[in-house]
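An overview of the molecular structure
The chain contents come next:
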Amino acid sequence: MGTTEMRRITLWLFSTIAALVLLFSYRTSTSGTVGTAVAATAPATQPTSTGATPTPSAGSTPSAGSTPSAGSTPSAGSTPSDTGSSSSTATTGTKTYTGSTVSTRWGDVQVTITVTAGKITDVQVPVYPSGNGRDQEINAYALPILTQETLQAQSATIDTVSGATVTSDGYLQSLQAALDAAHLA
């Protein structure tokens, strides 16, 4: 064997080993846990006062694996109506209003607002598209922006989030239903 032939064999061997390492290190499953890049941006969840499904909250810190599954709906006993529903706490004058569930191209969206003395004090999104990693990534970015803008504007007159137009439109429709139920503008 000559030197050239030995170099070809060595190159072939290293190329084969590199290809096998890459092949076996590639993740093929999209179910289960979310990758660290997506998990680091997933919205944190908090239970609502109505006992509904955990929801991302405005200004919350992200935590891995905390997003509800695709098609999640509020738990039994808190079924929203088309005009929105409400619950209240008599001692504080705080009321929670749930907007209608809006079906979008990528999944359902539902908004819940908490109103104290005629002012929106909290916004939750118990239902939103989260069926795959891309949905989770988009909504981990968009929902905190939408909820923060709602708290600042105190109305549904807010901008949609670029790159999350479908979710933004569903959010705005559900938010308007919650505002209507609360008799706010």
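Calculation notes
- Residues numbered from 1 in each chain as written.
- Predicted model: local features only at pLDDT ≥ 70, side-chain atom pairs only at ≥ 80, totals over all residues.
- Heavy atoms only, no water.
- Helix = DSSP H or I, 4+ residues; strand = E, 2+ residues; numbered from the N terminus.
- Buried < 20%, exposed > 50% of the residue type's maximum accessible area, 1.4 Å probe, protein only.
- Lys, Arg positive; Asp, Glu negative; His and termini not counted.
- Salt bridge = Lys/Arg side-chain N within 4 Å of Asp/Glu carboxyl O.
- Contact = heavy atoms within 4.5 Å.
- Axes fitted to C-alpha atoms, helices over the stretch in contact; angles between N-to-C directions.
- Left-handed = near helix turned anticlockwise from the far one by under 90°.
- Nonpolar A, V, L, I, M, F, W, Y, C, P; charged D, E, K, R; others polar.
- Pairing = 2+ DSSP bridges.
- Patch = residues over 30% accessible without salt bridge, like charges linked within 9 Å, V, L, I, M, F, W, Y side chains within 5 Å.
- Areas by Shrake-Rupley, 256 points an atom, 1.4 Å probe, with all protein chains shown as cover.
- Core = buried A, V, L, I, M, F, W, Y, C linked by side-chain atoms within 4.5 Å.

**A short note on the side chain of Asp135**
Inspection of the secondary structure puts Asp135 in helix 3 (residues 133–153). The side chain of Asp135 is buried and forms no salt bridge, while Arg134, the nearest opposite charge, is found at 7.2 Å. Discounting chain neighbours no more than four positions away, the residues touching Asp135 are Trp106, Pro129 and Ser130.

**A few points about the packing of helix 3 against helix 4 (residues 165–181)**
Helix 4 packs onto helix 3 with a crossing angle of 35 degrees between their chain directions and a minimal axis gap of 11 Å. Where helix 3 crosses over helix 4, the two elements pack in a sense that is right-handed. Contact with helix 3, carried on its side by Asn139, Leu143, Leu146, Thr147 and Thr150, involves Thr167, Ser168, Tyr171 and Leu175 of helix 4 and no other residues of that element. Here the residues of the contact of helix 3 with helix 4 are counted per class, giving 4 nonpolar, 5 polar and no charged.

**Observations regarding the pairing of strand 7 (residues 119–127)**
Both strand 6 (residues 107–116) and strand 7 contribute to a ladder of 6 bridges, which runs antiparallel. Paired with Thr114 across the strands is Asp122, a residue of strand 7. Hairpin connection from strand 6 to strand 7: 2 residues lie between these consecutive antiparallel strands, with Ala117 at a positive phi of about 55 degrees.

**Examining a nonpolar patch on the surface**
A cluster of nonpolar side chains, namely Trp12, Leu13, Phe14, Ile17 and Val21, defines an oily patch on the protein surface of about 550 Å² accessible area. Assignment of secondary structure puts Trp12 in helix 1 (residues 3–25).

**Quick word on the pattern of salt bridges**
Pairs can form between side chains of opposite charge whenever their charged atoms are close. The tally for this structure, following the rule as stated, stands at 1 salt bridge. With its nearest N and O atoms 3.5 Å apart, the salt bridge here joins Glu137 to Arg134. Of the two residues, Glu137 and Arg134 both sit in helix 3, 3 residues apart, roughly one turn of that helix.

**A short note on unusual backbone geometry**
With phi around 55 degrees, Ala117 is a residue other than glycine that occupies positive phi space. Here Ala117 shows up in the loop between strand 6 and strand 7. When its relative accessible area of 77% is taken as the criterion, Ala117 is described as exposed. Residues other than glycine seldom take positive phi values, yet Gln154 does so here, at roughly 60 degrees.

**Re the nonpolar core**
Formed by 22 residues in total, the largest nonpolar core has its most connected members in Ile113, Tyr171 and Leu175. Elements that contribute at least two residues to this core include exactly strand 6, strand 7, helix 3 and helix 4. The leading source of residues in this core is helix 4, at 5 residues. Excluding its chain neighbours within four sequence positions, the residues that come into contact with Tyr171 are Val109, Val111, Val123, Val125, Leu143, Leu146, Thr147, Thr150 and Ile158.

**A short note on the pairing of strand 6**
Extensive coverage of strand 6 is indicated by the burial of 7 of its 10 residues. Of the pairings in the sheet, the one linking strand 4 (residues 94–98) to strand 6 comprises 5 bridges and is antiparallel in character. Across the sheet, Lys95 pairs through a bridge with Val115, a residue of strand 6. With 3 bridges joining them, strand 5 (residues 102–104) and strand 6 adopt antiparallel strand pairing. Looking across to strand 6, one finds that Val102 is bridged to Val109. As consecutive antiparallel partners, strand 5 and strand 6 are separated by 2 residues.

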